[in-house]
Amino acid sequence: MTAPTPPPEIRILAPTGALGAGFRAESLERGVALRPHVIACDAGSTDSGPAYLGSGQPKLSREAVARDLRLLLKARDRLGVPLIIGSCGTSGRDAGVDLVAGIAREIAVQEALSFKLALIYADQDPGHLAQRYAEGRIRPLDGAPPLDLHTLTSGHVVAMMGVEPIQQALSEGAEVVLAGRASDTALYAAVPHALGADPGLVWHAAKTVECGAACAVPPAADGLFVHLRDDHFDVEPLDPELRLTPHSVAAHTLYENADPFLITEPSGTLDTTDATYAALDDRRVRVSGAVYRPGTDYTNKLEGSQLIGYQTIAVGGIRDRVVIEQLPQLLPKAQDYFRAKIRDVFDGRVDPDDVKVDYRLYGRDAVLGPLDPARDEPVHELGVLITVTAPTQEIAHAVATFVAHASSHLPVPEYAGLASTIAYPFSPPETDRGPAYRFTLHHVLVPDTPHEPFRTVHEEVAP
Amino acid sequence: MTRLLDLCSLIRSKNAGPFWLTFDFVAKDQATYERLRDSGVLTAPLFARLYGTDPAHVLIVHHDRAQAVKVSFPRPVRQGDLEDPDSYGGQQHAPLIDLAVPAPRVR
């Protein structure tokens, strides 16, 4: 297959850093007037932690997602260009794709819109993962946790797609693509890459716009627009009040990346070491010089999250100097008491080793942990976060009730009688937090083809 | 005494995915960037000591065009785990802002 000859200019509209994070309707209009070849944005991230992938629940509200999606579907309808949204529902789980698809169908009815919709699912079948694991085709990345077959198959796993499944859906006629977990950059790169544009410029442009106007001055929840040509791309904010500078664009390669110069994609690595950034005027930047190096193996990053228990928390404060001074001795004793109490209350049915009672002391070392260089400095007040993690919510709650009670009457040696040792702002002091999850994977899958881990479903949406 | 905060317009820590922490020290201008970069205060042993990580895994990058020094290493605790105190990794830079930067050597 020979690469197609790209058009002299490819225009990309990146309306927002995340579907549901918002943008100015006027900014989108300005982008539409510039006649983009594609509108793309992502709708998810691991940045908010393992709960979304573990539970399938989205981070942003249905209302906020529907507000943004409505404007984007209407803009796409007027332009007749593809709308590509990836990592639907925060985690990019199948449930997230179905959630956003449901919202899209509702909007189609309300706004009398018709479009060809493709849903690309990224959930991974445990049996298939087990097979690839046995074949040595699930490889750790630097910093990966230890992995065994049970961990791999007991949690919920998604694969991160590259451009190929999106391009195939478009070639099969899709006008709106709602994808599961996807590389943010792949969403913006899919169309220009398929049109044959220079891969270094394509991936660098995609990386530049993936957070929308977060790299603008000042940073904003709004969009960017790219003009991609044969040896450079120009990028500008859609809001005329915002500016991009060579520095702000270059500095965006720092954001949430371990290495600002080398950015790994499924098919290779973007190298921005020799990229140059020049001001076109006081709000537009011209970028050139990045190169894309194809990898030896095609890899899809895997993300996994597994349930680790249920939590109940209590928040309190300690102001009494004597109690603060005694805490390092009091808390280990309290832990011994809790273990005995768990055996006693549950009559041996709950193993104390399966319940974790944690005190986080704000004002001492809660944020940085035991290595905090200031942890021994005197404080006049401590915030206390008590977290109980247990195999069921009922056990977590039951344990938290006596932990909270005992914490309010710690046996301070300086005081005779029943001391009062913590201030709770709430009644009841305990709050059930629900299930807790942990990330399990920092690995890649080596698939037979870029399509192997994903499943695409087409449908006609009509009002 | 010059501190890191005197040289930087932005000091931040963030996750770089759930298994890495990354620190950005963005200098105020070219002169402060060169002073920061050439001071040699941001070293692998410093981050190893402050965060209990293996110095061999500390990646330090000088980004001249962004006028920034970037330091990354595997998270001591994976993001969101029971022991993780900072799910977004957003406050781990705190002990560094007052780090003393020695005066440039006279050549």
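In this report, we go over the structure that sits alongside the text. (Residues numbered from 1 in each chain as written. Chains lettered and ligands numbered in written order. Predicted model: local features only at pLDDT ≥ 70, side-chain atom pairs only at ≥ 80, totals over all residues. Heavy atoms only, no water.)

### Section: the overall build of chain A
So, step 1. Scanning chain A from terminus to terminus reveals 12 helices and 20 strands.
So, step 2. Across its three principal directions, the C-alpha atoms of chain A cover 85 × 50 × 45 Å.
So, step 3. Split into buried and exposed, the 463 residues of chain A put 55% on the buried side.
So, step 4. Put simply, of all contacts in chain A between residues at least 6 apart along the chain, 78% involve residues at least 24 apart.
So, step 5. Total accessible area on chain A stands at roughly 19,200 Å², and carbon and sulfur atoms take up 53% of it.
So, step 6. Distance from the positive charge centre (40 side chains) to the negative charge centre (61 side chains) of chain A: 2 Å. (Helix = DSSP H or I, 4+ residues; strand = E, 2+ residues; numbered from the N terminus. Buried < 20%, exposed > 50% of the residue type's maximum accessible area, 1.4 Å probe, protein only. Contact = heavy atoms within 4.5 Å. Areas by Shrake-Rupley, 256 points an atom, 1.4 Å probe, with all protein chains shown as cover. Lys, Arg positive; Asp, Glu negative; His and termini not counted. Charge placed at Lys NZ, Arg CZ, Asp CG, Glu CD.)

### Details of the packing of aromatic side chains
All names here are of chain B.
So, step 1. For the structure on display, the rule yields 10 aromatic pairs over all chains.
So, step 2. Here F23 and F73 contribute two aromatic rings whose centre-to-centre distance is 5.5 Å and whose plane-to-plane angle is 25°, an arrangement assigned as stacked. On the criterion of sequence distance, the pair formed by F23 in strand β3 (residues 20–27) and F73 in strand β5 (residues 68–74) is long-range, its members being 50 residues apart.
So, step 3. Given a relative accessible area of 0%, F73 falls into the buried group.
So, step 4. Ring centres 6.0 Å apart and planes at 55° place the aromatic pair F47 and F73 in the tilted group. (Phe/Tyr/Trp six-rings, centres within 6.5 Å; stacked < 30°, edge-to-face > 60°.)

### Observations regarding the sheet that holds strand β11 (residues 268–271) of chain A
In any sheet, the strands associate via hydrogen bonds between backbone groups, in a parallel or an antiparallel arrangement.
Residues and elements named next belong to chain A.
So, step 1. With respect to topology, 3 strands assemble into an open sheet ordered β10-β11-β14, the strand pairing being antiparallel. Among the strands making up the open sheet, the edge pair consists of β10 (262–265) and β14 (291–294). With strand direction ignored, the average angle separating the axes of adjacent strands in the sheet is 25°.
So, step 2. Pairing of β10 with β11, which is carried by 4 bridges, proceeds in the antiparallel orientation. (Pairing = 2+ DSSP bridges. Axes fitted to C-alpha atoms, helices over the stretch in contact; angles between N-to-C directions.)

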